[in-house]
Amino acid sequence: MERRNFTRLHEFILVGFSDVLQVQYVLLTVFFCTFNISLLAHMFIILLYRFSSNLHTPMYFFLANFSLLEICYLSSTVPKMLINLLSQHKTITFYGYALQMCILLLMGSAECCMLAAMAYDRYNAICHPLLYNNIMKRVICIMLVIGSWFAGTIVGILQTTLIFSLPFCNSNRINNFYCDIPPLMSLACTKTQFNEIIMLILTFIIVLGPFILTVISYANIIWTIIKHHSAGMRTKAFSTCTSHLIVVSMFYGSGSIMYLRPRSSYGMNEEKFLSLMYTIIAPLVNPFMYSVRNNDVKNAVKML
């Protein structure tokens, strides 16, 4: 009877993008600039909300908290990736991998709930304008934010515990640039159907649940705009919601492709490109989508 030799791994090797030194330097420059621009943009939105009294509304309260999530998300992945681009030994410890994965799952899940809360806010602002201040009270907004963080924490801890309860083989090479679930599961020395089912269930709950709520909210918003608003008001209302819809599409689109497809369909280059979209490009685009076309933000900048 065949016996498998399970080895206690102490570290993982993050393969990254390329072993060519010149390519690594180019990627380092690009990612370093992208990282800093993203951080500054999200910090700017938080500071703008803090010091601009005209932005002290539920919409910008959620946006400031979403920017905080994005900062935490970026800070948990990009610095280690930049260090590995400069290093010959692209390693991360066993517990370091678990910690980064837990933080990523926490932030990603919380962002799903936060986007749904933002859609709910826009729904009440456009569909129930007279009741808006009564519905979106300060305490309700705080509870929605706390609920988002709580849901993310539960998903992060549960998923990380289930994944790291698996035994792993001698190989410790992770074909990615950050700590994610699918590449790690491919190293397991036992069947992972149970873990994959749990991952799909949690993904459906934490991703598709808020996504369905977001779609329902915007379906009602669009119907209300078309039915009850004049041409000028339609343009203003659609302009307010377009940026959020674009952010939602980027976030859910890349996330769903990554985690809802079969494990057998994972490809090396495709996986890294989707990871890049999800972890670096989307957080860079988001703050500009929310601010460039927003007159309230422009006016707040002028006042400051």
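Residues numbered from 1 in each chain as written. Predicted model: local features only at pLDDT ≥ 70, side-chain atom pairs only at ≥ 80, totals over all residues. Heavy atoms only, no water.

Draft legend 1. Molecular detail of the overall build of the chain. A tally of helices and strands in the chain yields ten helices and three strands. Starting at the N terminus and walking to the C terminus, you meet the elements of the chain as β-α-α-β-α-α-α-β-α-α-α-α-α. Sorting the 304 residues of the chain into buried and exposed places 49% on the buried side. (Helix = DSSP H or I, 4+ residues; strand = E, 2+ residues; numbered from the N terminus. Buried < 20%, exposed > 50% of the residue type's maximum accessible area, 1.4 Å probe, protein only.)

Draft legend 2. Molecular detail of the packing of aromatic side chains. Going through the model one piece at a time under the given rule, you end up with seven aromatic pairs. With 5.4 Å between their ring centres and 85° between their planes, F94 and Y95 make a pair best called edge-to-face. Cluster of aromatic residues (ring-pair linked, three or more members): F12, F94, Y95, Y97 and F164. Residue placement shows R50 over the ring face of F51; its charged tip is 5.2 Å from the ring centre. (Phe/Tyr/Trp six-rings, centres within 6.5 Å; stacked < 30°, edge-to-face > 60°. Lys NZ or Arg CZ within 6 Å of the ring centre and 35° of its normal.)

Draft legend 3. Inspection of helix α5 (residues 138–163) at higher detail. With 26 residues, α5 should reach 38 Å at 1.5 Å per residue; the first-to-last C-alpha distance of 38 Å fits that figure. Within α5 the residues assigned to the buried category are C141, V145, S148, A151, G152, V155, G156, Q159, T160, L162 and I163. (Expected span 1.5 Å × (residues − 1).)

Draft legend 4. Main features of the UniProt feature "transmembrane region" (unreviewed entry) in the chain. Per the UniProt record, the feature "transmembrane region" (unreviewed entry) sits at residues 25–48, 60–82, 94–118, 139–158, 197–226, 238–261 and 273–292. Secondary structure within residues 25–48 divides into 100% helix and 0% strand; the distance between the first and last C-alpha atoms comes to 34 Å. Secondary structure over residues 60–82 splits into 100% helix and 0% strand, and the C-alpha atoms at its two ends are 32 Å apart. (UniProt positions renumbered as here; feature names shortened; annotations may be inferred.)

Draft legend 5. Representation of the packing of helix α2 (residues 58–86) against helix α3 (residues 94–127). Following both chains from N to C, one finds α2 and α3 inclined at 160°, their axes separated by 10 Å at the closest point. Between α2 and α3, the angle is such that the two are roughly antiparallel. Note that α2 runs across α3; the crossing there is left-handed. A breakdown of the residues in the contact of α2 with α3 according to their chemical character gives 16 nonpolar, five polar and five charged. (Axes fitted to C-alpha atoms, helices over the stretch in contact; angles between N-to-C directions. Parallel < 35°, antiparallel > 145°, perpendicular 65-115°, else oblique. Left-handed = near helix turned anticlockwise from the far one by under 90°. Nonpolar A, V, L, I, M, F, W, Y, C, P; charged D, E, K, R; others polar.)

Draft legend 6. Structural detail: the side chain of N124. If you trace the backbone, N124 turns up in helix α3. Owing to a relative accessible area of 2%, N124 belongs among the buried residues under this scheme.

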